[in-house]
Amino acid sequence: MKCISELNGQMYETEDCCFFRNPTQSAYYRHWGCELVDHFVDGQMKWVWVFWKKDHAWAKLRWIENKGNNDGSE
């Protein structure tokens, strides 16, 4: 499904993206350099951060490795 980003108005395919409702994880993804594709409020009034799946593959491993750290650094 095609969506239009509320951040920059560009179109993206939802199947190319991962959708997160965890603000801490999303903040670390941005800190680590993952591109934020979109950011919006869903029907349950929760923030949703959208990232590319290609970034999610390596960032998820880093997230798991650093989950216990306060600052997310290595």
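Everything here concerns the structure above.
A brief look at the structure comes next.

Criteria and cut-off values
- Residues numbered from 1 in each chain as written.
- Predicted model: local features only at pLDDT ≥ 70, side-chain atom pairs only at ≥ 80, totals over all residues.
- Heavy atoms only, no water.
- Core = buried A, V, L, I, M, F, W, Y, C linked by side-chain atoms within 4.5 Å.
- Buried < 20%, exposed > 50% of the residue type's maximum accessible area, 1.4 Å probe, protein only.
- Helix = DSSP H or I, 4+ residues; strand = E, 2+ residues; numbered from the N terminus.
- Contact = heavy atoms within 4.5 Å.
- Phe/Tyr/Trp six-rings, centres within 6.5 Å; stacked < 30°, edge-to-face > 60°.

Some remarks on the nonpolar core
Piece 1. Counting residues in hydrophobic clusters, the biggest one holds ten residues: Cys-18, Phe-20, Tyr-28, Tyr-29, Trp-32, Cys-34, Trp-49, Phe-51, Ala-59 and Trp-63.
Piece 2. Elements with a minimum of two residues in this core: β3 (17-20), α1 (23-31), β5 (47-52) and α2 (53-66).
Piece 3. Setting aside residues up to four positions removed in sequence, Trp-63 forms contacts with Asn-22, Thr-24, Gln-25, Tyr-28, Tyr-29 and Trp-32.
Piece 4. Counting seven residues, the second-largest nonpolar core is a separate cluster that includes Cys-3, Tyr-12, Phe-40 and Val-50.

Structural notes on unusual backbone geometry
Glycine aside, residues mostly have negative phi, and peptide bonds are mostly found in the trans state.
Piece 1. A positive phi angle is found at Met-45, which is not glycine, with a value near 60°.
Piece 2. Along the chain, the position of Met-45 falls in the loop between β4 (36-41) and β5.

Digging into the packing of aromatic side chains
Geometrically, a pair of aromatic rings is defined through the distance of the ring centres and the angle of the planes.
Piece 1. Under the defined criterion, the tally for this structure stands at six aromatic pairs.
Piece 2. Summarising the aromatic geometry, the rings of Tyr-28 and Trp-63 are spaced 5.7 Å apart at their centres and angled 50° between planes, so their arrangement reads as tilted. Taken together, the residues span a long stretch of sequence, with Tyr-28 in helix α1 and Trp-63 in helix α2 at a distance of 35 residues.
Piece 3. For Tyr-28, a relative accessible area of 13% corresponds to the buried category.
Piece 4. What links up through ring pairs into an aromatic cluster is the set Phe-20, Tyr-28, Tyr-29, Trp-32, Phe-51 and Trp-63.

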